[in-house]
Amino acid sequence: MQPPSVPYLTLGVAAASVGLWFAPELGEALIYRRDLVAGGEVWRLVTAPLVHLSASHLVWNLAVFLWAAAACERRCPQRLGRALGASALLPGLWALGWQPELAVYGGLSALATAAVVLLALHELRDAASPRLARGLWAVVLALVVVKPLAELGLQRPLFAGAGLEGWRPLPAAHLLGALSGLWAAGRVGLRRPPVLREVTPAGGPAEGTTPGLG
Amino acid sequence: MSLSFSRKHAGLALMALGALGAGCATGQNSRFTSSVVDYLYGDKEQVVTQSIPRLSLPLRVGIAFVPGDNDGRRQHVITENQKLRLSRRIASQFEEVPYVESIEEIPTAYLQPRGGFTNLDQIRSMYDIDVIALISYDQVQHTDEDWTSVTYWTIVGAYVVSGEINDTSTMVDAAVFDIASRKFLFRAPGLSHVTGKGTPVNLSEQLRLDSMEGLELATDELIGNLQAELGRFQQRVEESPEEYEVHREAGYTGGGGVGGDLATALIAFGALASLCNRRPSRI
């Protein structure tokens, strides 16, 4: 599959999130509300990530999502689709099954985390990348995994968090996003496949030619 | 030696300030005032011990004017209707804050003069509130020619404001306390000065109008300051978890939030990695 020149999926998700911020009535119909999901409004399980709880919540999630998901969509659009699908569904299911005290949930961070993990793994697998670049991608991967693990252990945000904005950051949602990215990336780290680079007339590698990643 | 010298001068300074305050109390023709300090700490028998505030989110906030005290010569006291209108304007600022669940407007009649935190505990039980915004005011109309200034006593100290004859000087102050811990959280003041326009013929009516205008203008300024203080308070709570214990009740709201720190770090490292990755193409 030829990667799209324009990251339509990423832009579509981002546009929906921004649109829902400006249409709070519609957002109210799509956010995760435990009592309403239990009452049959199951679409909220997957639509909740599109709804945000404050302006800063939306801005930072969008910044990371746009950066990581757009890069992934140019490299491995099918895997990105899988990662986003899983990371949209898993936090809602987790909240419904294991977090009875969590009444309301929203936010794109699980999808953003999935995209970051997928992008970092994609770049780490590229044997032709300089060692320094791969080292930096390893730092990115460590940040998105270690931070939520530390927050779960400490039971508080590692950096200044939402504080009094009225909602609690959920590190478990980030971990579920990271797992989704890992799942979508495939058997990463077990075996590094040889890198084949198809040279375009312009001299650079053609899009989507890294084996095993879309 | 130097210590006793400092104490002596400090004593003189306090006496001078006291004399100024006394001058304010006796020199004006028209003053009405209410004081948070007097309401909370006026009863010397009540011992107030503070502790670390445990903020249960979302907060339930009460708003009340502390009981007033006018000098008996005042013609135009602030009415309950005026208080209600002003407290609604101030309450609307809290309604916009995401960590506030509800606002209760508490009638002044429920606040006993010098009732202190014992009285606030009763109100807390009655209205099921955690935090209270206590509104106090101080308005002077300088109808005495000898009068040149007024001292406002607030929870954090004194303001001295000068005035001309027939001018109206007003201060409205909102001081926010966590009732359970007795902890002062933040305050927002508003000041106004209405220049006297009255003539001997319509002086009384004009002073009444100036009084209302002064209260409205001071409340306008208070509201502007309150917006800023609510933001600063949120920042303080986030940055000082050792000073404020934040607790969220069952049925809380959770968000998948990357946060500014992590987002910046991720994008910065990713951008650096992409820069390093820019290598000449190989065949």
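Structure: above.
The following paragraphs examine the structure supplied in this document. (Residues numbered from 1 in each chain as written. Chains lettered and ligands numbered in written order. Predicted model: local features only at pLDDT ≥ 70, side-chain atom pairs only at ≥ 80, totals over all residues. Heavy atoms only, no water.)

### Details of the overall build of chain B
Working step 1: Scanning chain B from N- to C-terminus turns up six helices and twelve strands.
Working step 2: Counting the 283 residues in chain B, one finds 46% classified as buried.
Working step 3: Intrachain contacts of chain B at a sequence separation of at least 6 include 76% that bridge at least 24 residues. (Helix = DSSP H or I, 4+ residues; strand = E, 2+ residues; numbered from the N terminus. Buried < 20%, exposed > 50% of the residue type's maximum accessible area, 1.4 Å probe, protein only. Contact = heavy atoms within 4.5 Å.)

### Details of the nonpolar core
It is characteristic of soluble globular proteins that their nonpolar side chains tend to be buried jointly.
Working step 1: Formed by 46 residues in total, the largest nonpolar core has its most connected members in A:Val64, A:Phe65, A:Trp67, A:Val116, A:Leu118 and B:Leu266.
Working step 2: Breaking this core down by element, the ones donating at least two residues are helix H1 (8-22), helix H5 (55-75), helix H6 (77-98), helix H7 (109-124), helix H8 (131-154) and helix H9 (171-185) of chain A together with helix H6 (260-277) of chain B.
Working step 3: Broken down by element, this core gets its largest block of residues, ten residues, from H7(A).
Working step 4: Setting aside its immediate chain neighbours within four residues, A:Trp67 contacts A:Val116, A:Leu119, A:Trp137, B:Leu266, B:Ile267 and B:Gly270.
Working step 5: Among the nonpolar cores identified, the runner-up in size contains 35 residues, and B:Ile63, B:Ile103, B:Tyr137 and B:Leu226 belong to it. (Core = buried A, V, L, I, M, F, W, Y, C linked by side-chain atoms within 4.5 Å.)

### A closer look at the sheet that holds strand S12 (residues 252-255) of chain B
Working step 1: A sheet is described by the order of its strands in space; here four strands give the open sequence S1(A)-S2(A)-S12(B)-S3(A), paired in mixed fashion. The open sheet has two edge strands, strand S1 (32-33) and strand S3 (168-169) of chain A, and neither has a second partner.
Working step 2: Here S1(A) pairs with strand S2 (residues 102-106) of chain A via two bridges, running antiparallel. Pairing of A:Tyr32 across the sheet is with A:Tyr105, part of S2(A). (Pairing = 2+ DSSP bridges.)

### A word on H9(A)
Residue and element names in this part refer to chain A.
Working step 1: With 15 residues, H9 should reach 21 Å at 1.5 Å per residue; the first-to-last C-alpha distance of 21 Å fits that figure.
Working step 2: With respect to burial, H9 is a largely interior element, twelve of its 15 residues being buried.
Working step 3: Of all the positions in H9, only Pro171, Ala172, Ala173, His174, Leu175, Leu176, Gly177, Ala178, Ser180, Gly181, Ala184 and Ala185 are classed as buried.
Working step 4: Considering only its buried residues, H9 is in contact with H6, S2, H7, H8 and S3.
Working step 5: Once H9 ends, the next one or two residues include Gly186, with phi positive near 90°. (Expected span 1.5 Å × (residues − 1).)

### Brief notes about the pattern of salt bridges
Pairing is possible between side chains of opposite charge, provided their charged atoms come close.
Residue and element names in this part refer to chain B.
Working step 1: Counted according to the given criterion, the structure contains 15 salt bridges over all chains.
Working step 2: The partner of Arg60 in a salt bridge is Asp128, with the nearest N and O atoms 3.7 Å apart. With Arg60 in strand S3 (residues 59-65) and Asp128 in the loop between helix H4 (116-127) and strand S6 (131-141), this residue pair connects regions lying 68 residues apart in the sequence.
Working step 3: Given a relative accessible area of 17%, Arg60 falls into the buried group.
Working step 4: A salt bridge links Asp220 to Arg89, with the nearest nitrogen and oxygen atoms 2.2 Å apart. Linking Asp220 in helix H5 (residues 203-239) with Arg89 in helix H3 (residues 80-95), this pair joins segments that are 131 residues apart in sequence.
Working step 5: A relative accessible area of 38% places Asp220 in the partly exposed class.
Working step 6: Residue classification places Arg89 among the partly exposed residues on the basis of a relative accessible area of 25%.
Working step 7: The network of salt bridges with common partners includes Arg60, Glu101, Asp128 and Asp130. (Salt bridge = Lys/Arg side-chain N within 4 Å of Asp/Glu carboxyl O.)

### What to know about the side chain of B:Thr219
Residue and element names in this part refer to chain B.
Working step 1: Looking at the element boundaries, Thr219 is found in helix H5.
Working step 2: Judged by its relative accessible area of 0%, Thr219 is buried.
Working step 3: Excluding its chain neighbours within four sequence positions, the residues that come into contact with Thr219 are Leu86, Arg89, Ile90 and Val172.

### Looking at the packing of aromatic side chains
All names here are of chain B.
Working step 1: Scanning the model with the defined rule gives nine aromatic pairs over all chains in all.
Working step 2: Aromatic side chains Tyr110 and Tyr127 sit 6.1 Å apart centroid to centroid with 45° between the ring planes, which places their arrangement in the tilted category. Of this pair, Tyr110 sits in the loop between strand S5 (100-106) and H4 while Tyr127 sits in helix H4, and the two are 17 residues apart along the sequence.
Working step 3: Taking the relative accessible area as the measure of exposure, Tyr110 reaches 38% and is therefore partly exposed.
Working step 4: Taking the centre distance of 5.9 Å and the plane angle of 75° together, the rings of Phe117 and Phe177 count as edge-to-face. (Phe/Tyr/Trp six-rings, centres within 6.5 Å; stacked < 30°, edge-to-face > 60°.)

### Some thoughts on the packing of H3(B) against H5(B)
Residue and element names in this part refer to chain B.
Working step 1: Running from N to C, H3 and H5 cross one another at 20°; their axes reach a closest spacing of 9 Å. Put simply, H3 runs roughly parallel to H5. Crossing geometry of H3 relative to H5 is assigned as right-handed. Judged by residue contacts, Gln82, Arg85, Leu86, Arg89, Ile90, Gln93 and Phe94 of H3 engage Met212, Leu215, Glu216, Thr219, Asp220, Leu222, Ile223, Leu226, Gln227 and Leu230 from H5.
Working step 2: The class makeup of the residues in the contact of H3 with H5 is nine nonpolar, four polar and four charged. (Axes fitted to C-alpha atoms, helices over the stretch in contact; angles between N-to-C directions. Parallel < 35°, antiparallel > 145°, perpendicular 65-115°, else oblique. Left-handed = near helix turned anticlockwise from the far one by under 90°. Nonpolar A, V, L, I, M, F, W, Y, C, P; charged D, E, K, R; others polar.)

### Some words on a nonpolar patch on the surface
Residue and element names in this part refer to chain A.
Working step 1: Taken together, the side chains of Val6, Tyr8, Leu11 and Leu66 define a hydrophobic patch exposed on the protein surface, amounting to about 360 Å² of accessible area.
Working step 2: Mapping Leu11 onto the fold places it in helix H1.
Working step 3: On the basis of relative accessibility, which here comes to 42%, the residue Leu11 falls in the partly exposed class. (Patch = residues over 30% accessible without salt bridge, like charges linked within 9 Å, V, L, I, M, F, W, Y side chains within 5 Å. Areas by Shrake-Rupley, 256 points an atom, 1.4 Å probe, with all protein chains shown as cover.)

### Focus: the state of the cysteines
Working step 1: Throughout the structure, instances matching the rule amount to zero disulfides over all chains.
Working step 2: Cysteine A:Cys72 is unpaired, with the sulfur of A:Cys76 as its nearest cysteine sulfur at 4.8 Å. (Disulfide = S-S within 2.5 Å.)

### With respect to H8(A)
Working step 1: Taking 1.5 Å as the rise per residue, H8(A) with 24 residues should run 34 Å; its terminal C-alpha atoms sit 33 Å apart, in good agreement.
Working step 2: All buried positions along H8(A) are accounted for by A:Ala133, A:Leu136, A:Trp137, A:Val140, A:Leu141, A:Val144, A:Lys147, A:Pro148 and A:Glu151.
Working step 3: Buried residues in H8(A) make contact with H5, H7 and H9 of chain A together with H6 of chain B.

### Some points on the environment of B:Val37
All names here are of chain B.
Working step 1: Its location among the elements puts Val37 in helix H2 (residues 36-41).
Working step 2: Relative accessible area serves as the criterion here: at 32%, Val37 is assigned to the partly exposed category.
Working step 3: As for Val37 and Ser136, which are separated by 99 residues in sequence, their C-alpha atoms are 9.5 Å apart.

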